[in-house]
Amino acid sequence: MKLTALLLLFTLTLNAQKKTMTPDIHSYANSADVTVTHISLDLTADFEAKTLSGTATLDLKNLKKSSTLVLDTKGLSVEGVTLDGTSAAKYTIGEPHAIFGAPLTITITPKTKQVTVKYSTSPSAGALQWLEPSQTAGKTKPFLFTQSQAILARTWVPCMDGPGVRFTYSAVIRTRPDLVAVMSAAGNSGTKSAEGVYRFEMKQPIPSYLLALAVGDLEFRPLGPRSGVYAEPSVVEKGAYEFADLEKMIAAAEELYGPYRWERYDLLVLPPSFPFGGMENPRITFATPTILAGDRSLVALVAHELAHSWSGNLVTNATWNDFWLNEGFTVYFEHRIMEKVYGAPYAEMLSVLTLKDLRGTIEEMGAANPDTRLKLDLSGRDPDEGVTDIAYNKGYFFLRLCEETFGRPAWDDFLKKYFNDNAFHPMTTESFLAIFHKHFTDTAKKNAIGIDAWIYAPGLPANCPEPRSDEFTKVTAQIDAWNAGTPPSRLVTADWTTHHWLYFLRNLPAELRLEKVIELDYAFNFTRTGNAEIACEWFQRCIKSGYETAYGPMRNYLMNVGRRKLIKPLYTELVKTPTGLAWAKEVYAKARPGYHSVSTNTLDAIVK
Ligand code: BES
Ligand code: ZN
């Protein structure tokens, strides 16, 4: 008896150690030997030079009496390193790798408590986009924002740049006094400092990919006691209108899976070159202005980023191979928030669109493609290659199948406990599975799900849940009527929302003759829509049918919108014909300087 207990203890300790020692194939950091517990930044944002420069002081915990500290860097100019604020340290910077950057290896002693790195960033740092005034809404002041996920934090902070390492941070940001700085930390206020000096403190430990900074002509509007919106002055009212339901969403999220652990939840609406829809930077989600539809119809994105405050920011994918633990759980949670706030019919519309996207992605990638597995193998590759509908939507449907199998109450109890028990910790797919199997013991149910196939096999399992939407049945009826000859003006569309229209556009016959496209545009004025999602769907149709009227507005769209998800499908469709390719090249050459490197990295390969 005693011996088994001892053995159990031994295995438990071994497992606990294994957990913290998950190797991260995308980081050089020796975090299993020494770890970083706090980073203190003192950085000056120079808009002329397009650099951040100053110091990063890292507090260390030396677990293995290590005599070296290895940090990730990419394109940083390191001027010097000091130990414990006094003695100059020996350091070397390795050969730079195009994706991973270079290790900064610092000689330390087992007693070293702190290292300070004096450095500046490169003007082409991947995480930083320095915008000219012309790229902002106000057109008079420059703007800077960061995007650290997945492995770009190393382009602006020397750090252990993997999601398995967490630290607290504090920062002093020095900039022009006519600009406001905000960070993923406490200290945001939206009021200008006369000296242009801003101080921040993040007391909850975060992984490096959640380090975030933005500097620009920003104002703040409160939305509720613990929420509000930051944006340029000419955008902030629009933002406040669009996000009016934010407090309701936070309340719904807390009711589902436990207290919000980050105190405040604010949104920052960025200029249109922001390459993503949203980024879940703790305490301040960064968002694209393309969700400002004017009718609050694209706020699922807010629910998504808010959900990350649990799935991702609290329980964090240990490596980028486990990315589905961040995004799949977040899409699931997002849908639950949307259902709670806007009702099941709304949420089911989202689910139907999600499944259609997923099927399309798997068809494109090939059902045998190893990248259609939930657990990825991204060794030697940019983790950005793992950012597909698989992690998001296959992840969602796996979790939805679990819900349907165990029943919603049991599944919700599990998730609530999962977020609470593992808060502020990394999670591998394997540790998730261990927790799952310990909690759910009904083997018949688990076999019915086919858990390993869902997680480790490519393609979409046959038992994928099939959401149904009565709302979309109505849309299908109208599409059928149109196909049978009913003129567009006679279609019953009066109460349609953005999602009805998206479903309509996505489910039109694959090939449309030009006059059919003209007919639709005449009736519904899609070409002039102010809704960026609808425009993206519509323009794809226009390209396929050669509808020239749309090309002016489409050029405008491509020149202004930098969100990869919206512009990638347009360039992809354009390059399929020689004339389209020529047009795409011409527009891309003009638009490219305004795009973020995240977007050009993808688009360069398409428009070539
Ligand atoms: N964390 C992601 C964005 C991201 C992923 C950036 C991987 C870099 C690497 C964010 O939460 C996200 O998923 N954004 C989506 C929103 C959508 C699914 C509602 C986007 O940007 O489109
Ligand atoms: Zn996400």
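Residues numbered from 1 in each chain as written. Chains lettered and ligands numbered in written order. Predicted model: local features only at pLDDT ≥ 70, side-chain atom pairs only at ≥ 80, totals over all residues. Heavy atoms only, no water.

Draft legend 1. Quick look at the overall build of the protein. A count of helices and strands for the protein gives 19 helices and 21 strands. The C-alpha atoms of the protein give 25 Å as radius of gyration, which agrees with the globular expectation for 608 residues (25 Å, within 12%). Seen through its C-alpha atoms, the protein measures out along the principal axes to roughly 80 × 70 × 50 Å. Counting across all 608 residues of the protein, residues that qualify as buried make up 57%. (Helix = DSSP H or I, 4+ residues; strand = E, 2+ residues; numbered from the N terminus. Rg over C-alpha atoms; globule rule 2.2 N^0.38 Å. Buried < 20%, exposed > 50% of the residue type's maximum accessible area, 1.4 Å probe, protein only.)

Draft legend 2. Fine view of the pattern of salt bridges. Tallied over the entire structure, the rule returns 41 salt bridges. A salt bridge links E404 to R400; its shortest N-O distance comes to 3.2 Å. Of this pair, E404 and R400 both sit in helix α7 (residues 389-406), 4 residues apart, roughly one helical turn. When its relative accessible area of 46% is taken as the criterion, E404 is described as partly exposed. Note that R592 and D604 form a salt bridge whose closest N and O atoms lie 2.7 Å from each other. (Salt bridge = Lys/Arg side-chain N within 4 Å of Asp/Glu carboxyl O.)

Draft legend 3. Layout of helix α18 (residues 578-591). Between the first and last C-alpha of α18 there are 20 Å, a value that for 14 residues agrees with the 20 Å anticipated at 1.5 Å per step. Along α18, the positions that sit buried rather than exposed are G580, W583, A584, V587, Y588 and A591. Viewed end-on, α18 has its buried residues packed into an arc of 130°, placing them on one side of the element. Summarising the geometry of α18, the exposed residues directed more than 90 degrees from the buried face are P578, T579 and A589. In this fold, the buried residues of α18 make contact with α16 (551-560), α17 (564-574) and α19 (597-606). (Expected span 1.5 Å × (residues − 1). Arc of directions from axis to C-beta. Contact = heavy atoms within 4.5 Å.)

Draft legend 4. Layout of the sheet that holds strand β15 (residues 219-224). The 5 strands lie next to each other as β15-β16-β17-β19-β18, forming an open sheet whose pairing is mixed. On the outer flanks of this sheet lie β15 and β18 (278-279), each paired with one strand and no other. Packed on one face of the sheet, helix α4 (residues 300-307) meets β17 (265-269), β18 and β19 (284-287) and runs near 130° to β17. (Pairing = 2+ DSSP bridges. Axes fitted to C-alpha atoms, helices over the stretch in contact; angles between N-to-C directions.)

Draft legend 5. Summary view of the environment of T497. Relative to the helices and strands, T497 resides in the loop between α12 (470-483) and α13 (498-506). Distance in space between the C-alpha atoms of T497 and S297 is 7.4 Å, their sequence separation being 200 residues.

Draft legend 6. Region of the structure containing the coordination of the zinc ion (ligand 2). The coordination sphere of the zinc ion (ligand 2), as far as protein atoms go, consists of H304 (NE2), H308 (NE2), E327 (OE) and E327 (OE), spread over 2.0 to 2.8 Å. Around the zinc ion (ligand 2), the 6 donor atoms sit at angles spanning 51 to 158°, and that spread fits a shape best called irregular. Here the donor residues for the zinc ion (ligand 2) map to a single chain with the spacing H-x3-H-x18-E. Residue H308 is found in the loop between α4 and β20 (315-317), and its partner E327 is found in helix α5 (residues 323-342); the two are separated by 19 residues along the sequence. Its relative accessible area of 0% is what places H308 among the buried residues. (Donors = N, O, S within 2.8 Å, 3.2 Å for Na, K, Ca; no water. Tetrahedral: all angles 85-135°; square planar, octahedral: opposite > 155°, others 65-115°.)

Draft legend 7. The sheet that holds strand β12 (residues 180-183), seen in detail. Strand order in this open sheet of 4 strands is β9-β10-β14-β12, and the pairing throughout is antiparallel. Each edge of the sheet is formed by a strand with only one pairing partner; in this case those strands are β9 (128-131) and β12. Each neighbouring strand pair of the sheet contributes to a mean axis angle of 10°, computed without reference to strand direction. Pairing between β9 and strand β10 (residues 143-146): 4 bridges, direction antiparallel. Residue pairing across strands places Q129 opposite F145, the latter belonging to β10.

Draft legend 8. Examining the domain arrangement of the protein more closely. Assigned domains of the protein: these are domain 1 (3-207), domain 2 (315-456) and domain 3 (509-607). Facing the 7 residues of domain 1 at the interface are 6 residues of domain 3. Both faces considered, domain 1 and domain 3 share a buried interface measuring about 370 Å² in area, 48% of it formed by carbon and sulfur atoms. The largest per-residue losses of area from domain 1 upon contact with domain 3 belong to G126, Q129 and Q135, which jointly make up 70% of the total buried on that side. Run the count over domain 1 and domain 3 and you get 0 salt bridges. Taken together, the links from domain 1 to domain 3 amount to 4 residue pairs in polar contact (both at pLDDT 80 or more). (Domains from an automatic or database assignment. Buried area = accessible area lost by both parts, 1.4 Å probe. Polar contact = N/O pair within 3.5 Å; in protein donor to acceptor, adjacent residues only side chain to side chain.)

Draft legend 9. Spatial organisation of the site of ligand 1. Of all residues adjacent to ligand 1, which total 16 residues, the nearest are Q149, G277, E280, E305 and Y392. Side-chain polar atom of H304 to an oxygen atom of ligand 1: 3.1 Å apart, as the coordinates give it. At 3.1 Å from a nitrogen atom of ligand 1 is found a side-chain nitrogen or oxygen belonging to E327. Here ligand 1 has 520 Å² of accessible area as a free molecule, and 89% of this is covered by the chains. Taken together, the elements giving at least two residues each to the shell around ligand 1 come down to β18, α4 and α5. The dominant element in the shell around ligand 1, judged by the number of residues it contributes, is α4, at 3 residues. (Near = heavy atom within 4 Å. Areas by Shrake-Rupley, 256 points an atom, 1.4 Å probe, with all protein chains shown as cover.)

Draft legend 10. Looking closely at the pairing of strand β11 (residues 166-174). Most of β11 sits out of view: 8 of its 9 residues are buried. Here strand β1 (residues 34-46) pairs with β11 via 7 bridges, running parallel. The residue bridging I39 from the neighbouring strand is Y169, located in β11. Examined bridge by bridge, β11 and strand β13 (residues 197-207) share 8 bridges and lie antiparallel to one another.

Draft legend 11. Inspection of α5 at higher detail. In this model α5 runs 28 Å from its N-terminal to its C-terminal C-alpha over 20 residues, within 8% of the 28 Å that 1.5 Å per residue would give. Buried residues dominate α5, accounting for 16 of its 20 residues. Immediately beyond the C-terminal end of α5, within one or two residues, lies G343, with a positive phi of roughly 100°.

Draft legend 12. Representation of the environment of T175 in the model. The residue T175 is located in the loop between β11 and β12 in this model. Here the alpha-carbon distance between T175 and N463, two residues 288 residues apart in the chain, equals 55 Å. When residues no more than four places from it in sequence are discounted, the contact partners of T175 are A45, F47, E195, G196, Y198 and V215.

Draft legend 13. Structural context of the nonpolar core. By size, the foremost hydrophobic cluster in this structure holds 150 residues, and its most contacted members are I106, W156, F398 and F432. Here this core spans two domains, and each of domain 1 (3-207) and domain 2 (315-456) adds at least three residues to it. In this structure F432 touches W324, L325, F329, F398, F414, Y418 and M427, once residues within four positions along its chain are discounted. Core analysis: the second largest hydrophobic core is formed by 49 residues, W482, C536, Y551 and L603 among them. (Core = buried A, V, L, I, M, F, W, Y, C linked by side-chain atoms within 4.5 Å.)

Draft legend 14. Fine view of the packing of aromatic side chains. A full pass over the atoms with the stated rule returns 51 aromatic pairs. Relative to F440, the ring of W411 lies with its centre 6.0 Å away and its plane at 25°, an arrangement referred to as stacked. In this pair, W411 sits in helix α8 (residues 408-421) while F440 sits in the loop between α9 (429-439) and α10 (443-449), placing the two residues 29 residues apart along the sequence. A residue is classified by how much of its surface remains accessible, and F440, at 6% relative accessible area, is buried. The residue whose ring lies beneath R296 is Y241, and the NZ or CZ to ring-centre distance is 3.8 Å. Positioned above the aromatic ring of W482, the side-chain terminus of K516 is 4.5 Å from the ring centre. (Phe/Tyr/Trp six-rings, centres within 6.5 Å; stacked < 30°, edge-to-face > 60°. Lys NZ or Arg CZ within 6 Å of the ring centre and 35° of its normal.)

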